[in-house]
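Spelled out, the chains give:
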Amino acid sequence: MSDSKKFSKLSAKAKNSLIAKMSKSGSGGGDPRRVPSRRSPVAGIHDSMCDFNQLPGYKELKIHQTIAMQTGIMEPYFLCHDGLAKGTTSIGGEEYLNFSTYDYLGLNGTERLNNAACDAIKRYGTSASASRLVSGERPPHRELERGLADFYRTEDCLVFVSGHATNIWTISQLLNRNDMIVYDALSHNSIIHGAKMSGATRIAYPHNDYDALERLLAENRAAHKRCLIVTEGLFSMDGDLPDLPRLIEQKSRYKSFLMVDEAHALGIVGKTGHGVAEYFGVDFNDVDIWMGTLSKSMCGCGGYIASRKAFTEYLKYSAPGFVYSVGMPPALAATSAEALRILVEEPERPARVQELGRFFVQEAKRLGLDTGHGQGYAVAPLIVGNSLVAGLLSTAMHKRKVNVLPIIYPAVEDSAARLRFFLSYSHSKEQISRALSIVAEELPKVRKLATSFSDESASK
Ligand SMILES: Cc1ncc(COP(=O)(O)O)c(C=O)c1O
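One structure accompanies this document, and this report is about it. (Residues numbered from 1 in each chain as written. Predicted model: local features only at pLDDT ≥ 70, side-chain atom pairs only at ≥ 80, totals over all residues. Heavy atoms only, no water.)

1. Section: the overall build of the protein
The cut-off we apply is this: The helix count covers DSSP runs of H or I at least four residues long, the strand count covers runs of E at least two residues long, and both are numbered beginning at the N terminus. The globule rule used for comparison is 2.2 Å times the number of residues to the exponent 0.38, while the radius of gyration itself is calculated over C-alpha atoms. Exposed residues in this analysis have more than 50% of their type's maximum accessible area, buried residues have under 20%, and partly exposed residues fall in between, with area computed by a 1.4 Å probe over protein chains only. What makes two residues a contact is simply this: any of their non-hydrogen atoms within 4.5 Å. We get accessible surface area from the Shrake-Rupley algorithm with a probe of 1.4 Å; when it comes to residues, only the shown protein chains can shield them. Asp and Glu are treated as the negative residues and Lys and Arg as the positive ones, with His and the ends of the chain left uncounted. We put the charge of a Lys on NZ, of an Arg on CZ, of an Asp on CG and of a Glu on CD.
In terms of regular secondary structure, the protein is built from 17 helices and 13 strands. Compactness check: the protein gives a C-alpha radius of gyration of 24 Å against a globular reference of 23 Å for 460 residues, within 12% of the reference. With the C-alpha coordinates aligned to their principal axes, the bounding extent of the protein is approximately 70 × 65 × 55 Å. Burial status across the protein gives 50% buried among its 460 residues. Considering only contacts within the protein whose residues lie at least 6 apart along the sequence, 70% involve residues at least 24 apart. If you sum the accessible surface of the protein, you get close to 21400 Å²; carbon and sulfur atoms cover 54% of it. Treating the 55 positive side-chain charges of the protein as one cloud and the 50 negative ones as another, the clouds have centres 7 Å apart.

2. Overview of the packing of helix α4 (residues 111-124) against helix α14 (residues 330-345)
Operational definition: Helix axes use the C-alpha atoms of the stretch in contact, all axes being lines fitted to C-alpha atoms, and the angles between their N-to-C directions lie in the range 0 to 180 degrees. What sets the label is the angle itself: under 35 degrees gives roughly parallel, over 145 gives roughly antiparallel, 65 to 115 gives roughly perpendicular, and the rest give oblique. Here a crossing is called left-handed whenever its near helix is offset anticlockwise from the far helix by less than a right angle, and right-handed whenever the offset is clockwise. Under the scheme applied, nonpolar residues are Ala, Val, Leu, Ile, Met, Phe, Trp, Tyr, Cys and Pro; charged residues are Asp, Glu, Lys and Arg; polar residues are all the others, including Gly.
Contact pair α4 / α14: the axes reach a minimum separation of 8 Å and the direction vectors enclose 150°. Looking at the two axes, α4 sits roughly antiparallel to α14. Where α4 crosses over α14, the two elements pack in a sense that is right-handed. Between α4 and α14, the contacting residues are R112, L113, A116, A117, A120, I121 and Y124 on the first element and P330, A331, A334, T335, E338, A339, R341, I342 and E345 on the second. Its residues assigned to classes, the contact of α4 with α14 shows 11 nonpolar, one polar and four charged.

3. Comments concerning a nonpolar patch on the surface
Which entries qualify depends on this criterion: Nonpolar side chains (Val, Leu, Ile, Met, Phe, Trp, Tyr) within 5 Å and like charges within 9 Å form the patches, drawn only from residues with over 30% relative accessible area and no salt bridge. Any carboxyl oxygen of Asp or Glu that lies within 4 Å of a side-chain nitrogen of Lys or Arg is treated as forming a salt bridge with it.
Taken together, the side chains of F52, L55, Y58 and L61 define a hydrophobic patch exposed on the protein surface, amounting to about 420 Å² of accessible area. Locating L55 in the fold gives a position in the loop between α2 (12-25) and α3 (56-71). Accessibility expressed as a relative area gives 45% for L55, which makes it partly exposed.

4. Some remarks on the sheet that holds strand β11 (residues 402-403)
Stated precisely, the cut-off is as follows: Strands were regarded as paired on the criterion that DSSP finds at least two bridges between them.
Reading across from one edge, β1-β2-β11 is the order of the three strands in this open sheet, with mixed pairing throughout. Edge positions in the sheet fall to β1 (88-91) and β11, since each has one partner strand and no second. In the sheet, strand β2 (residues 94-98) pairs with β11 via two bridges, with the strands oriented parallel. Each bridged residue has a counterpart across the sheet, and for N98 the counterpart in β11 is N403. Running at roughly 95° to β2, helix α17 (residues 429-458) makes contact with β1, β2 and β11 of the sheet.

5. Concerning helix α8 (residues 189-198)
Because each turn of an α-helix spans 3.6 residues, side chains separated by three or four positions end up pointing in the same direction. Put simply, the rule reads: Starting at the helix axis, one direction is taken to each C-beta atom, and the arc is that of these directions.
Three or more residues of α8 are buried, namely S190, I191, G194, A195 and S198. Around the axis of α8, the buried residues are gathered within 140° of arc, so they sit on the same side. Buried-residue contacts for α8 involve α7 (163-174), β4 (180-184), β5 (201-205), β6 (227-232) and β7 (257-261). Two residues or fewer after α8 comes G199, characterised by a positive phi angle close to 85°.

This is how it looks when you write it as structure tokens:
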């Protein structure tokens, strides 16, 4: 019998006492009260300090997993897909409608990208072997960086081996404790960690609230040397855009740098997928730092900084996450360089994703579903307003053969818990309609179930 079946057979009292026991002592390990003898130099340090089971974060994880099991929520993470995951995918030999891929432009696994990767492997092997600083570069690195610099009409570009690390090392290399960073409250984790690492004064402004940003800048800017304002080109959880013209005006007046993370905007936002600058028709060079990832529309891995040469050169010689980390595998650089060429050659791809995004919002509204701030792009949230409901709904969708993941507290406020759909060029309108109809059928059932759980625990 599986653990979850065994668990569900326990009485409510036994379940509660199991959770209580786990929260006190972790799911295993020795007696935390046992301490070494007095003469030991480590007297007073519990054995638990050497026990991974006693890590507070791990104990919390186990509690969450237990509660999920108790309520019948299936673990939606780390599912193993049998092959290429497109608009549909096979998991454990069964076909699912798939709304959990970043392959927004539907390029992953296409012949052109596979050939680009295979040709590069034949020529350069699979590894860049060491940091580019010491082991040198391969032509695909340069092609990709030149391509991105041209795409953003900037002087230069530098690619890092991870998108997350790109934000961390770029922000922390630009700022120090004399400086300040102001970022949208819904910014990605990598922006927040980069801000922390920099030592600069950190201030989050409420999501897309430029009056609040104005007040924060007026109050704090003068007390700091440099100031960086950070936003996203298409918000990764909410699927909305920033007011770029207003940000450009504010950053100029407050003598600040402006950085835009285009992880989800590249290839998606703007008539030809050139991102939020194209959408608003502003000069690309009014933004000081264009950041993006290659893991989404570009079907590779890593991140980029497109900016002035002085900045990319500085990062290239000093950012620890670039200097002391291996270069991007040449085959992945070649893949993303080819994906960028296809994006430029085939503007019908971004146009199609935008059409599907608008269709999603329209259909969801027709069915009475809440699309939050979503503006009809590849990131399409459906707000359900409760983490338990989001978890149960994702499980119900899985049972109905639709793969779509929940976003729950603490990733978002509990009241903003949601299912997050990723739409792509590979989807059809019929697939989107079908998935949304299933949501509309399952959501009332799931809400009822969640209420019964709450009533049950309130009566205990
Ligand atoms: C806005 C944003 N920035 C940065 C990253 C990190 O990118 P990667 O997953 O390629 O490391 C992500 C990841 O999804 C993201 O959503």
